[in-house]
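Observations on chain architecture
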Number of protein chains: 2
Amino acid sequence: MNEYPSILLGEAVNQFASLPGMGRKTALRHVLALLRRSDADVERFTQSIERLKKEVHYCRRCHNISDTELCPICAAHHRDQQTICVVENIRDVMSIENTGQYNGLYHVLGGVISPMDGVGPKDIEIDSLVARIQPENIQEVILALPTTMEGDTTNFYIYKKLSVLATPCKVSQIARGVAVGNDIEYTDEITLGRSIVNRTDYYGK
Amino acid sequence: MNEYPSILLGEAVNQFASLPGMGRKTALRHVLALLRRSDADVERFTQSIERLKKEVHYCRRCHNISDTELCPICAAHHRDQQTICVVENIRDVMSIENTGQYNGLYHVLGGVISPMDGVGPKDIEIDSLVARIQPENIQEVILALPTTMEGDTTNFYIYKKLSVLATPCKVSQIARGVAVGNDIEYTDEITLGRSIVNRTDYYGK
């Protein structure tokens, strides 16, 4: 006999197991959990995915996910409209929003430049970022991309593009250093090295 | 603003996070992974769940999951039709099938007796198990329930029910002992104690 006693079950497990980082045993567990629920509950589950896929928008300005044409962040008048934080994906927007420390706008690239994966500058939202600077009168662009080779390449590419604009804006990047609560002893050399090179003034706080 | 920039996204994340052992961050990761796929792929995902929920059967004899009225195991003529292995759920059937060591039939209880959770003997498939013994001329019932208080209770209840039948059958339970490859030193006392009490003859193999 097959691995699964039912072809339908096997197909549903396959679909779940195709999600990132999900093994076949966990997939089976989720599918059986769904199977135990009422018809209405299962319909609510599948419809939430279908509706999201069909009805969701991407903000026409910052490319963040949104229910409307302009996302709630871009539409918020109380936010600082002259600062853009450049991030790789929408999860990064949520992480930064959760800190409560940033009050500007975002720009979601939808990826980073990665020649190995066939992702070039035209495949991500760099041109639309550059096109925002002058019309929106942006004063500062904060680069918050991952510290990988791809992230660094993308940072550099954006920096070059912005520096040739007729009205250049300030370009900064988020601080890299020893994480709060981490021991110096167990911090990797590159991070610790950067934290010394990029040390900041001590205000006695 | 909300935790998620889109209500639709939040709803899909809520639905995923309702699955067993899935946190909100993992749920978000899965939802965004689905969102990146093509419409056809997402439809295949949701339809596999809908079809499973609508079209799947439970075997009328052993209550295993099945695409047909009689599951492939019950329908297999080459299997030993006089032995029933009693398990808690369909995942246990798959685990035992994967060993390749068992060639009889199954009976899926769909749970174990658990007064704390309000599960009594009538809520699981015990009566249908007892009803199978005489018509099917069953010679042996193998109890393969979990070694918990609930499992032990269920074992004992089934044993009592079977012992008052006009044609009693043999009742056995799967062996408990030190797992293959495990150190004696690190085996818990209860398991090690049982493995000594229930020691088996050594055939010099």
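Residues numbered from 1 in each chain as written. Chains lettered and ligands numbered in written order. Predicted model: local features only at pLDDT ≥ 70, side-chain atom pairs only at ≥ 80, totals over all residues. Heavy atoms only, no water.

1. Describing the interface of chain A and chain B
- The interface is formed by 52 residues belonging to chain A together with 52 residues belonging to chain B.
- Broken down residue by residue, the surface that chain A buries against chain B is led by L8, L35 and K53 of chain A, which jointly contribute 14%.
- Our enumeration of links across chain A and chain B arrives at two salt bridges.
- Counting across the chain A and chain B interface gives twelve residue pairs in polar contact (both at pLDDT 80 or more).
- Listed by contribution, the elements that provide at least two residues to the side of chain A that touches chain B are α1 (7-17), α2 (24-35), α3 (39-55), β2 (65-66), α4 (72-75) and α5 (90-99) of chain A.
- With 13 residues, the single largest contributor to the side of chain A that touches chain B is α3 of chain A.
- Tallied by class, residues from the side of chain A that touches chain B come to 28 nonpolar, ten polar and 14 charged. (Contact = heavy atoms within 4.5 Å. Buried area = accessible area lost by both parts, 1.4 Å probe. Salt bridge = Lys/Arg side-chain N within 4 Å of Asp/Glu carboxyl O. Polar contact = N/O pair within 3.5 Å; in protein donor to acceptor, adjacent residues only side chain to side chain. Helix = DSSP H or I, 4+ residues; strand = E, 2+ residues; numbered from the N terminus. Nonpolar A, V, L, I, M, F, W, Y, C, P; charged D, E, K, R; others polar.)

2. Observations regarding the confidence of the model for chain A
All names here are of chain A.
- Chain-level statistics for chain A give a pLDDT mean of 91 and a share of 98% at 70 or above.
- Within chain A, the element-level pLDDT minimum falls on helix α8 (residues 189-197), averaging 85, and the maximum on strand β4 (residues 105-108), averaging 96.
- For this predicted complex, the interface confidence comes out at an ipTM of 0.80, alongside a pTM of 0.79. (pLDDT = per-residue confidence, 0-100.)

3. What about the relation of the copies chain A and chain B?
- Superposing chain A onto chain B takes a rotation of 180° plus a shift of 0.1 Å along the axis, which leaves an RMSD of 0.1 Å. In the structure described here, the two chain copies are related by an operation that fits a two-fold rotation axis. Nearest to the rotation axis, the C-alpha of T46 of chain A is located 2.6 Å from it, this being the minimum over chain A.
- Of all interface residues in chain A, 100% are interface residues in chain B too; the two copies therefore contact each other through one and the same surface. (Least-squares fit on C-alpha atoms with pLDDT ≥ 70 in both.)

4. Quick look at α2 of chain A
- Under the 1.5 Å per step criterion, the end-to-end length of α2 of chain A is 16 Å for twelve residues, consistent within 8% with the ideal 16 Å.
- Buried residues of α2 of chain A: A27, L28, H30, V31, L32, A33, L34 and L35 of chain A, and no others.
- In this structure, the buried residues of α2 of chain A make contact with α1 and α3 of chain A together with α3 (39-55), β1 (57-58), β2 (65-66) and α5 (90-99) of chain B. (Expected span 1.5 Å × (residues − 1). Buried < 20%, exposed > 50% of the residue type's maximum accessible area, 1.4 Å probe, protein only.)

5. A word on the sheet that holds strand β5 (residues 140-143) of chain B
All names here are of chain B.
- Strands sit in the order β4-β3-β5-β6 across an open sheet of four strands; the sheet is parallel. Of all the strands in the sheet, just β4 (105-108) and β6 (170-173) have a single pairing partner and so form its edges. Averaged over all adjacent pairs, the angle separating strand axes in this sheet is 25°, with direction ignored.
- For β5 and β6, the ladder comprises four bridges, and the chain directions are parallel. Counterpart to V141 in the pairing with β6 is V171. (Pairing = 2+ DSSP bridges. Axes fitted to C-alpha atoms, helices over the stretch in contact; angles between N-to-C directions.)

6. Regarding the pattern of salt bridges
Residues and elements named next belong to chain A.
- Inspection of every chain in the model, using the stated rule, returns 16 salt bridges over all chains.
- When the shortest N-O distance is used, the salt bridge between R60 and E69 registers 3.4 Å. Residues R60 and E69 agree in their burial class; the two are exposed.
- Connected through shared salt-bridge partners, R61, R132 and E136 make up one network.

7. Section: the nonpolar core
- Of all hydrophobic cores here, the largest spans 57 residues; its most connected members are L9, F16 and F45 of chain A together with L9, F16 and F45 of chain B.
- If sequence neighbours within four positions are ignored, F16 of chain A has contacts with M22, A27, H30, V31, L34 and F45 of chain A together with F16, L19, F45 and I49 of chain B. (Core = buried A, V, L, I, M, F, W, Y, C linked by side-chain atoms within 4.5 Å.)

8. Quick word on the packing of α2 of chain A against α5 of chain B
- Where α2 of chain A meets α5 of chain B, the closest approach of the two axes is 11 Å, and the angle between their N-to-C directions is 145°. For the pair formed by α2 of chain A and α5 of chain B, the contact residues are L28, R29 and L32 of chain A on the first element and I90, R91 and M94 of chain B on the second.
- Partitioned by chemical class, the residues of the contact of α2 of chain A with α5 of chain B number four nonpolar, no polar and two charged.

9. Focus: the state of the cysteines
Residue and element names in this part refer to chain B.
- A full pass over the atoms with the stated rule returns zero disulfides over all chains.
- In this structure C71 is not part of a disulfide, and its nearest cysteine sulfur, from C62, lies 3.6 Å away.
- Not part of a disulfide, C169 finds its nearest cysteine sulfur in C85, a span of 13 Å.
- Classification of C169 as buried rests on a relative accessible area of 12%. (Disulfide = S-S within 2.5 Å.)

10. Describing the side chain of T187 of chain A
Residue and element names in this part refer to chain A.
- Assignment of secondary structure puts T187 in the loop between β6 (170-173) and α8.
- Reaching out from T187, the side chain makes a polar contact with the backbone oxygen of D183 at a distance of 2.7 Å.
- Once residues lying within four places of it in the same chain are set aside, the contact partners of T187 are V178, N182 and L192.

11. A closer look at the side chain of H30 of chain A
- With respect to the helices and strands, H30 of chain A occurs in helix α2.
- Exposure remark for H30 of chain A: the relative accessible area of 2% places this residue in the buried category.
- In this view, H30 of chain A contacts F16 and M22 of chain A together with L19, P20 and M22 of chain B; residues no more than four positions away in its chain are not counted.

12. Observations concerning the packing of aromatic side chains
- Under the criterion given, the structure shown has seven aromatic pairs over all chains.
- The interplanar angle of 50° and the centroid separation of 5.1 Å between the aromatic rings of F45 of chain A and F16 of chain B together place this pair among those described as tilted. Remark: F16 of chain B occurs in helix α1 (residues 7-17) and F45 of chain A occurs in helix α3; the pair is interchain, linking two chains. Across this residue pair, the class does not change: F45 of chain A and F16 of chain B are buried.
- Judged by centre distance (6.4 Å) and plane angle (25°), the rings of F16 of chain B and F45 of chain B are stacked. Pair noted here: F16 of chain B is in helix α1 and F45 of chain B is in helix α3, with a separation of 29 residues, a long-range link.
- Clustering of aromatic rings is evident, with ring pairs tying together F16 and F45 of chain A together with F16 and F45 of chain B. (Phe/Tyr/Trp six-rings, centres within 6.5 Å; stacked < 30°, edge-to-face > 60°.)

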